[in-house]
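Coordinate inspection notes
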Amino acid sequence: MKGMTRKALQLMLMFGVLVQSVTAEEPTTVESLLPVDLPPPVTDAAQPAADAAPAADEAVPAALPAPDTLPAFQTPPVAEAVPTPDAAPAMPAPMGITPGTTSSITVAQMGQPNGVVLSGGQLQGGIDFTLSADQVITNAQLELNLKVSPAMAARNTTLQLMLNGQPLGTVPLGSADSNVSNYQLDIPAAMVVSRNNISFKINDGDALLCQRDLSDSYQVTIMPNTRLDLEAQQLNIGADLSHFPRPFLDEMQMTPTRLTFAFPGKTLPEQVGAAALIASWLGIEADYRGISFDALHDQLPEKNGILLGKPGESIGGLTLPASNGATLQVVDNPVNPIYKLLLVVGNNEQQLRSAAWRLTRGQFHAQTTSLPVEAQNIPLSKPYDAPRWIATDRPVLLSELMRKDQSLTVTGIWHESLSLAFRAAPDLFMWDGDTIPLKISYRFPSESWIDEQRSYLSMTFNGAFLRNLPVNKQGLLESLWHKLGGDARQEHINMPLEPYLIYGDNQLQLYFNIETKEAAPCSVLLNNNIKSRIDEDSSIDLSKTRHFTLLPNLSYFVGASFPFTRLADFSQTVLLLPENPSESEIGTLLDLSARSGNATGTALNNNRVIFGLPSGGANLLRLSESDVLAVSSLDQTAFNRALLAQSPFVSNEHTFGVREPKLLEKVQSWLEGDWNASGVDADRYFSSNESWRGFVSFRSQWNPERLVVMAIGSNDEQLSRLHTDLNSARINAGIRGDTAIITDENGVRSFRVGPQFPSGQMPWYMMVVWYATQHSAMLAIFGLLFATIIGLSLYSLLKKRAHKRLNPQDSDRE
C-alpha cells in the first residue's frame, strides 16, 4: 500500500510536468521535451517492477569502456536534480505513440568536420548541437573516439566531459595500444534536450600554459566520427499548419531528413511540379543538414508525408477534401496518428502551384488545420539573381557574407578562425591576366607583450594559402621609422585573387595568429580582454567578371544545378519524365529539385513538368524555349530513344552507349580543334558495366542554344542511389565533361563525348579573340595556310614583274 501511494505521488508529479506544451521557439528545458499525452496508469502486474526501480540518485550509469579493449572511466556524481531514465516505472505505450526510434549524430554533423582539437593554450573546448523538438529522448550513449599525442599520453592526465553544465565523466589520456582510443559513456536521457552543449577539458591544462615551445606537442583530438547514439519517442504536436515545416522538417535536427511525397494512382505532371516546388523550398530550409525524398503512387506514407492531388481523389484510402479551389490541410496519418499528412489539393496546374507557393510563404495563424488558397501572384526570377550567389555588379562587403552567429571581431589569443563562405555562379569568366580585387582592413590589439615580429594574420582561400599579413609594414624605411617610435602599423591591403581560385562554393578563412614575447607572464595567455578585428569596409569585387563558359559541363550541374539556375526559379527549364514515371524517377527529380533550391536559395516557383515527349502544342513550344532536366532509367526504352535521337548517345533495351560519329562530324570536330573527345572509351565503359547510374548532357534537339542534362540509371534501384552519390565530396569532384558513370566498385568515371558550345555574355568581336585563344593550334594551321596562299600569289606576281624588268623588249612588243 505504501508503494502504491509513492507511485501515485510520482504520477501526479509527472502529470504536472507533462502537460506543458512543446514549442521550438521557447527556451528548451528538460520538462519541455516530455510527452504531451499522459501515459495510462500502471497496471498491478507492472507495480512490483516499478517498486524495484532504483532511486534517482543511484541510477546514474558509470562510463564504461568498450569491451576488452579500454580502461575504465571515473564518473563523478551527477546533480540529484537531474532524473535518470531508470527512475521512472515501466509503462505500456499509449495508442498513437510509436516504438522508440533510434538515430545518431556525429561531431562532424555538429559542425566540426575535422573534429575538435585541444592543443596549445586552448586545452578546453565545446560543441553546440540541437535535436528535434518533436521528440523526447529515452536513451543516450556517447561513443567517444580520441586521438592523444605521445607527449600528452605521457602526462597520464584525464579529460573531463560535461553536458549542459553537468559532469558526465572523466576519460584517461594515458598511452593506448592504438592511435585512437574508443570509449562508451551512458548519458542520463533527461540531460539531453533540444539545445545542448558538450564540453571537453584537460584537467591539468593550466600546468601546460607556460610550456610555450612545446604547446603543440600536447594535443588531444576528439575525432569527427565521435557520435551520440539516441533513442527517442515521437511527440504528437497536433495538426496545425502554423507549425510548418515541422514535423516534416525540423530546423533543430542536425542530421539529414527523409520525407515522402504521395500521389494518386494516375499521377499528373502538375502534381509533380507542385511537389518539386515544395521540395526545392525544403532543400533551402534543410541547408547543410540535407534532405531526400521518396515518392509513392496511391499509397500512404508510414510516417510524416505530403500528399498532392485533385479534390475528391483517393490516395491509399484517404480521400482528399472536396473544393472548387486550392486547399492546404494537415491531418493525422491514418497509419499512425502521431504522424501528420500535409494535403496540397488543386484542380489544375495553376491551383496546385498557388497552393504550393502559399505553403512556402508560411505565416499561418495558430490552430489552422485547413486553409483555402486563392490565386497567387508568383514573381519571376531574373538572370543570376539567386540570393545565395555573390553579387557580380558591385563590390561585396565581407560583413555581407557572415552568418547571423558570426562576428568580424575575435577575442583572446586562442580563438577559431573566421570562415566566410559564399557561392558564385559557376560560369564566371575573366581574361588571362585579370584578377579579382580582395580588400582586407584589419587591426591587431595594441599590447606591449605581443611579439609584433612573429604575429600575423593568416589568409587561406578554398584551402589554398594566400599569404600572412604582418602587424607592421615591411621594408627598411618602415622598420627604421618604427624603431624611432613612429607608427608603422599595416592595417590595409589589396590582395589580387586569381580567377581560377573561385569555385561554385568558396570559403575565405582569416586567423589572427598572435605570439607573445618570451618575457610575457603566463597569465596573458588566457587574456580574453584583447580584441582583433576585420574592419567593416573589407570587400571582394567580382564586378569585372563576365558570365561566359563552354557547355555541356556536368561539374557545373552537380555544383550549382547550372545552367538551369541561370534563372533560379526554373522559369526557362523543363523537368522531363517518361510518360509513366516510376516512383524512383519522381523521387530522384525531387532530390535534384532540393539540390537546386539549396544551391541558389530560390524555390522552383515556375518550373514546368512534362511526361513524355510532346509532338506539338504548348509543351513542344516550351521545350524549344527551355533547357531540359530529364530523369529516366533504361527500362523506359521508348522515351530514351526519342530523347537521345539527335544526341551523341544511343539507348536500346537494357543497353546504353555512345553513337559512332559520322565522317562529317569527325571532320567538323577536327577542324574545330576538338581533339580530346573520348567517345570510344565511354562506350566501352558503358558496355562493361551491368549496374550503373550517372549523368549525360548534350545539346537540345529542340534548340541548339539550349542544353539537356539527363539523370539515368540501369534500373530504378541504381537511379535511387544518385542522392547518396551526390553527397560524396569525392564523387562530386570527379563529375565533369558531358558523361559521368558511377558504379559501386569503381566510383565515378567521367568522359567528354560530344562537342561543346559557348554560352553566355560575350560580344562578337571578343568572341573572335576568345576563339583564337581556345584553338591556338587551329589558328596556327590556318595562319600557315593563309601565309602559303598569299606567299604563292605574291611570288607569282613578283616573278612576272621581275621578268618584265629584266626583259624590257618583251614589254615593247606588247
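So, here is what we can say about the structure in this document.

Analysis parameters
Residues numbered from 1 in each chain as written. Predicted model: local features only at pLDDT ≥ 70, side-chain atom pairs only at ≥ 80, totals over all residues. Heavy atoms only, no water. Helix = DSSP H or I, 4+ residues; strand = E, 2+ residues; numbered from the N terminus. Buried < 20%, exposed > 50% of the residue type's maximum accessible area, 1.4 Å probe, protein only. Contact = heavy atoms within 4.5 Å. Pairing = 2+ DSSP bridges. Axes fitted to C-alpha atoms, helices over the stretch in contact; angles between N-to-C directions. Patch = residues over 30% accessible without salt bridge, like charges linked within 9 Å, V, L, I, M, F, W, Y side chains within 5 Å. Areas by Shrake-Rupley, 256 points an atom, 1.4 Å probe, with all protein chains shown as cover. Salt bridge = Lys/Arg side-chain N within 4 Å of Asp/Glu carboxyl O.

Now for the side chain of Asn607. When you line up the elements, Asn607 lands in the loop between helix H8 (583-600) and strand E33 (608-611). Given a relative accessible area of 2%, Asn607 falls into the buried group. Among all residues touching Asn607, those that are not within four sequence positions of it are Gly273, Ala276, Leu277, Glu349, Arg353, Asp569, Phe570, Leu575 and Arg622.

Before going further, it helps to spend a moment on the sheet that holds strand E7 (residues 166-172). Strands sit in the order E4-E9-E6-E7 across an open sheet of four strands; the sheet is antiparallel. Edge positions in the sheet fall to strand E4 (124-130) and E7, since each of these pairs with one other strand and no more. Across the sheet, the axes of successive neighbouring strands diverge by a mean angle of 20°, strand direction being ignored. Across seven bridges, the pairing between E4 and strand E9 (residues 195-202) is antiparallel. Opposite Gly126, over in E9, you have Ser199 as the bridge partner.

A few words now on the pairing of strand E10 (residues 219-222). For a regular strand, side-chain orientation follows a simple rule: the groups alternate between the two sheet faces. Of the pairings in the sheet, the one linking strand E3 (residues 116-119) to E10 comprises four bridges and is antiparallel in character. Its bridge partner being in E10, Leu118 is matched across the sheet by Val220.

A few words now on unusual backbone geometry. Omega for the bond connecting Phe244 with Pro245 falls within 30 degrees of zero, at 15°, which places this linkage in the cis form. Checked against the element boundaries, Pro245 lands in the loop between strand E11 (227-234) and strand E12 (257-263). Phe562 connects to Pro563 through a cis peptide bond whose omega is 15°. Mapped onto the elements, Pro563 comes out in the loop between helix H7 (554-560) and strand E32 (573-577). Phi is positive for Asp298, which is not a glycine, with a value near 50°. Mapped onto the fold, Asp298 is located in the loop between strand E13 (291-297) and strand E14 (305-309). Residue class for Asp298 comes out partly exposed when judged on its relative accessible area of 40%. Although it is not a glycine, Tyr384 adopts a positive phi angle of roughly 60°. Following the sequence through the fold, Tyr384 ends up in the loop between strand E19 (370-373) and strand E20 (395-397).

It is worth spelling out the pairing of strand E28 (residues 505-513) at this point. Relative to E28, strand E22 (residues 418-423) runs antiparallel, the two being bridged by six bridges. Counted as the bridge partner of Leu418 is Leu510 from E28. Where strand E25 (residues 456-461) and E28 come together, six bridges link them in antiparallel fashion. Within E28, the residue paired with Thr460 across the bridge is Gln509.

Where nonpolar side chains cluster on the molecular surface, the patch consists of Phe786, Ile790, Leu794, Leu797 and Leu798 and spans about 520 Å² of accessible area. Leu794 gets classed as partly exposed once you look at its relative accessible area, which sits at 45%.

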